Amino acid sequence: MATTIPLTAIEGAKRLAAFTAVDRHILSQHKVIGIGSGSTVPYVVDRIVSQGLSVNKDRVFLATGFQSQQLIVNAGLRLGDIDQFPVLDVTIDGADEVDPDLNCIKGGGACHLREKVLAEGAKTFIVVADYRKNSQVLGANYAPGVPIEVAPFAATSLLRSIKTLKTPPLNANLRMGTGKAGPVVTDNGNFVVDAVFGPEAMSDPVRVLHAVKLLTGVVEVGLFCNVAKAAYFGNQDGSVTVKLADGQVSQIEASSDA
Ligand SMILES: O=C[C@H](O)[C@H](O)[C@H](O)COP(=O)(O)O
C-alpha cells in the first residue's frame, strides 16, 4: 500500500502558494505559459497538470532552464520555444526574496537570465514562494547576495570593477559548483558572481540593478524590479499572503485540496 509522506512546513507553504497562484492565474484561456525554476515550481506544474488534459492539450509551456524543461517534458506537457512564442500569457516563478514593492532577488539557481526573459515577455508575471521569502528589504533574509550572470572572460574583471560602484557591495564572490570542481556554469555557458549589498543600497534595488547592469561583462542581474503583478506566499498556518504590485496585501485561506 502506498504511504503518503507528510510535507514539511516549508514544502507545504511552497505548495500552498503554488496551488493558489495557479488556481487564480492559469485560466482556461491561457495558452502560452512560462514555467520558472527552483524548488517551488514543481508544485506549479503539478497543479497545472491537475487542470486536465482537455485544457492542457491546447497549451504550450516555455522553460526557464534545464530543470523546468525536464518538469514540462516529464509532466507530458508540450514544450515550446521563446523564438516561436515571445509573448506569453502568464509566467509563474519562484523567488529568493521579495520586497513590499514586489522587487525580487532571483538567481539562487543561476537561472535568472532566462527567467527574466520569460517574466518580461509575459502579460502577467506571478511569483510564488514560502513565507521566508516575504521581506521588508531585499537582502535581509537571503544572505548569498544578488546573483550576477557574467561572461566567463569578464568574471575576474567584474570582481574588481564592481568595487568601484558608488555604493559597492560588502563582498562579491564567484559562485563555485558543488559536485564539480570549478565555478557554476549557467544554462547559457556563463559564470555567476554573488554580490552582497548592504541595506542602504538595497533600499533602492532599481539603482543597484542599473549600476550593476552597466558593468562590462554583465549578462543579467538577478534583481527583478517592476515586473511582478502579484506575489503569493504560503504561510505555516495554512494561509496565503497575496501582495499586489499596487501595494495591496491580503490574507486568504487556501483551497481545501492545496
Ligand atoms: O535561479 C533560480 C530561481 O531564481 C529560483 O526561482 C529561485 O532561486 C527560487 O527558488 P526556490 O523556489 O527553490 O526557493
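Residues numbered from 1 in each chain as written. Predicted model: local features only at pLDDT ≥ 70, side-chain atom pairs only at ≥ 80, totals over all residues. Heavy atoms only, no water.

Per an unreviewed UniProt entry, the recorded name for the chain is Ribose-5-phosphate isomerase, and the organism is Auriscalpium vulgare.

Chemist: What exactly am I supposed to notice about the site of the ligand here?
Modeler: Around the ligand, the structure places 16 residues, and the nearest of them are S39, T40, D96, E115 and K133. Taking G107, its main chain carries an N or O atom lying 2.8 Å from an oxygen atom of the ligand. Measuring from an oxygen atom of the ligand, one finds a backbone N or O atom of A110 at 3.2 Å. Split into classes, the residues belonging to the shell around the ligand amount to three nonpolar, eight polar and five charged. (Near = heavy atom within 4 Å. Polar contact = N/O pair within 3.5 Å; in protein donor to acceptor, adjacent residues only side chain to side chain. Nonpolar A, V, L, I, M, F, W, Y, C, P; charged D, E, K, R; others polar.)

Chemist: Would you explain the nonpolar core in this entry?
Modeler: The nonpolar side chains of soluble globular proteins are, as a tendency, buried together. Within the largest apolar cluster, 26 residues are counted, with the highest numbers of intra-cluster contacts made by I35, V44, I48, I92 and Y232. Of all the secondary-structure elements, those providing two or more residues to this core are α1 (9-25), β1 (32-35), α2 (41-49), β3 (88-93), β6 (122-130), β12 (230-234) and β13 (239-244). In terms of residues, this core owes the most to one element, α1, which gives six residues. With near-sequence residues (within four places) excluded, Y232 lies in contact with A17, T20, A21, R24, H25, I126, V127, V128, A129, V240, T241 and V242. (Core = buried A, V, L, I, M, F, W, Y, C linked by side-chain atoms within 4.5 Å. Buried < 20%, exposed > 50% of the residue type's maximum accessible area, 1.4 Å probe, protein only. Helix = DSSP H or I, 4+ residues; strand = E, 2+ residues; numbered from the N terminus. Contact = heavy atoms within 4.5 Å.)

Chemist: What's the story with the packing of aromatic side chains in this structure? I'm lost.
Modeler: Centre-to-centre distance and the angle between the planes together describe a pair of aromatic rings. Inspection of every chain in the model, using the stated rule, returns one aromatic pair. Between the aromatic rings of F125 and F224, the centroid separation amounts to 6.3 Å while the plane-to-plane angle is 40°, which identifies the pairing as tilted. A residue pair is termed long-range when its members are at least 10 positions apart, and F125 in strand β6 and F224 in strand β11 (residues 223-224) qualify at 99 residues. Here F125 matches F224 in class, with each residue buried. (Phe/Tyr/Trp six-rings, centres within 6.5 Å; stacked < 30°, edge-to-face > 60°.)

Chemist: Can you help me understand the pairing of β6 in this one?
Modeler: Successive side chains on a regular strand alternate, one facing one side of the sheet and the next facing the other. For β6, a buried count of seven out of nine residues is recorded, marking the element as mostly surrounded by other parts of the structure. Of the pairings in the sheet, the one linking β3 to β6 comprises five bridges and is parallel in character. What sits directly across from L88, in β6, is A122. (Pairing = 2+ DSSP bridges.)

Chemist: Would you explain the sheet that holds β12 in this entry?
Modeler: Whether parallel or antiparallel, the strands of a sheet pair through hydrogen bonds between backbone atoms. Judged by pairing direction, the sheet is mixed, and its seven strands sit side by side in the order β2-β1-β3-β6-β12-β13-β14 without closing on themselves. At either margin of the open sheet sits one strand with a lone partner, and together these are β2 (60-63) and β14 (249-253). Neighbour-to-neighbour, the strand axes of the sheet open up by a mean angle of 20°, direction not taken into account. Direction of pairing for β1 relative to β3: parallel, over a ladder of three bridges. Along β3, the bridge assignment pairs I33 with V90. Across the sheet, α2 is in contact with β1, β2, β3 and β6; its angle to β1 comes to roughly 150°. (Axes fitted to C-alpha atoms, helices over the stretch in contact; angles between N-to-C directions.)

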